[in-house]
Amino acid sequence: MAELDQIDTKILRHLQKDADIANADLADKIGLSPSACLRRVAKLREAGIIRKTVAVIDPSLVGRPLRAVINLEFHRHGNRYRQDFIRKTRELEAVRQCYLVTGEVTGVMILHMRDMAEYTALCDTLFDADENIVWYRTYIVTETLKDEISSIL
């Protein structure tokens, strides 16, 4: 897909606020016919700009009130050295986001856990048992000031 035009950007802004909006209502807000709006949304999906539609759930209301940000450092950075870590990260329900980054740390993780017992078990499984993890630092979230992970426009 080519660059986004103003109409595509408007569509994406509305969908980021409410992905459940009916196509006719979205079309009305954008100033398009429902069929033209539907075609545009389909093209945004086909291009991968809209990756998926999800429900954003409050972790504390579904039994995962403990949130943490973890920075970590690998001993070796080659792909073969971190495959076990990547596999475990993708399997663990508590790991909501994980990024390999540049700078002073190798990775940054966002976790949503039930309690400290789950945190301790996760550390045993993910960090302490992995010889390639040099160190990790945990920051327990005490207050969320902004959580707009899905909104970028």
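Above this text you will find the structure in question.
Computed from a predicted structure; not experimentally measured. (Residues numbered from 1 in each chain as written. Predicted model: local features only at pLDDT ≥ 70, side-chain atom pairs only at ≥ 80, totals over all residues. Heavy atoms only, no water.)

Colleague: Before we move on, could you go through the environment of V54 and cite the residues and values that matter?
Modeller: Within the fold, V54 resides in the loop between helix 3 (34–46) and strand 1 (66–74). It is 17 Å that separates the C-alpha atoms of V54 and V95, two residues lying 41 residues apart in sequence. (Helix = DSSP H or I, 4+ residues; strand = E, 2+ residues; numbered from the N terminus.)

Colleague: Run through the state of the cysteines, naming residues and quoting values.
Modeller: Scanning the model with the defined rule gives zero disulfides in all. C98 takes part in no disulfide bond, and the closest cysteine sulfur to it belongs to C123, at a distance of 13 Å. Of the residues examined, C98 reaches a relative accessible area of 30% and is grouped as partly exposed. (Disulfide = S-S within 2.5 Å. Buried < 20%, exposed > 50% of the residue type's maximum accessible area, 1.4 Å probe, protein only.)

Colleague: Which residues make up helix 1 (residues 6–17), and what are the values?
Modeller: Taking 1.5 Å per residue, twelve residues should reach 16 Å; helix 1 reaches 17 Å between its end C-alpha atoms and fits that length. D8, T9, I11, L12 and L15 are the residues of helix 1 that are buried. For helix 1, the buried positions fall inside an angular range of 160 degrees around the axis, keeping them on one side. Of the exposed residues in helix 1, those oriented more than 90 degrees away from the buried face are Q6 and K17. The elements touched by buried residues of helix 1 are helix 2 (23–30) and helix 3. Regarding helix 1, its N-cap is D5, as a side-chain oxygen of that residue lies 3.1 Å from the backbone nitrogen of I7 further along. (Expected span 1.5 Å × (residues − 1). Arc of directions from axis to C-beta. Contact = heavy atoms within 4.5 Å. Polar contact = N/O pair within 3.5 Å; in protein donor to acceptor, adjacent residues only side chain to side chain.)

Colleague: How would you summarise the packing of helix 1 against helix 2 if you had to cite specific residues and measurements?
Modeller: Their axes nearest at 10 Å, the elements helix 1 and helix 2 cross at an angle of 130 degrees. It follows from the interaxial angle that helix 1 and helix 2 lie oblique. Of the two elements, helix 1 crosses helix 2, and the hand of that crossing is right-handed. Between helix 1 and helix 2, the residues in contact are I7, K10, I11, H14 and L15 and L26, K29 and I30, respectively. Looking at side-chain class alone, the contact of helix 1 with helix 2 contains five nonpolar, one polar and two charged residues. (Axes fitted to C-alpha atoms, helices over the stretch in contact; angles between N-to-C directions. Parallel < 35°, antiparallel > 145°, perpendicular 65-115°, else oblique. Left-handed = near helix turned anticlockwise from the far one by under 90°. Nonpolar A, V, L, I, M, F, W, Y, C, P; charged D, E, K, R; others polar.)

Colleague: Break down the sheet that holds strand 4 (residues 133–140) for me, citing the residues and quoting the values.
Modeller: The strand order across the open sheet built from four strands is 2-3-1-4, with neighbouring strands paired in antiparallel fashion. Taken across any chain shown, the strands that pair with only one partner, and hence form the sheet edges, are strand 2 (95–100) and strand 4. Across this sheet, the average inter-strand angle for adjacent strands is 15 degrees, counted without regard to direction. Examined bridge by bridge, strand 1 and strand 4 share seven bridges and lie antiparallel to one another. Within the sheet, the bridge partner assigned to E73 lies in strand 4 and is W135. Contacting strand 1, strand 2, strand 3 (107–113) and strand 4, helix 4 (residues 79–91) runs over the sheet at an angle of about 150 degrees to strand 2. (Pairing = 2+ DSSP bridges.)

Colleague: Now, about the pairing of strand 1: what can you tell me, with residues and values included?
Modeller: Of all nine residues making up strand 1, seven are buried, and the element is well covered by its neighbours. Relative to strand 3, strand 1 runs antiparallel, the two sharing seven bridges. Bridge pairing in strand 3 places V69 opposite I110.

Colleague: Give a detailed account of helix 5 (residues 116–128), specifying residues and quantitative values.
Modeller: Listing the buried residues of helix 5 in full gives E118, Y119, L122, C123, L126 and F127. Taken together, the buried residues of helix 5 touch strand 1, helix 4, strand 2, strand 3 and strand 4. For helix 5, the capping residue at the N-terminal end is D115, with a side-chain oxygen 3.2 Å from the backbone nitrogen of A117.

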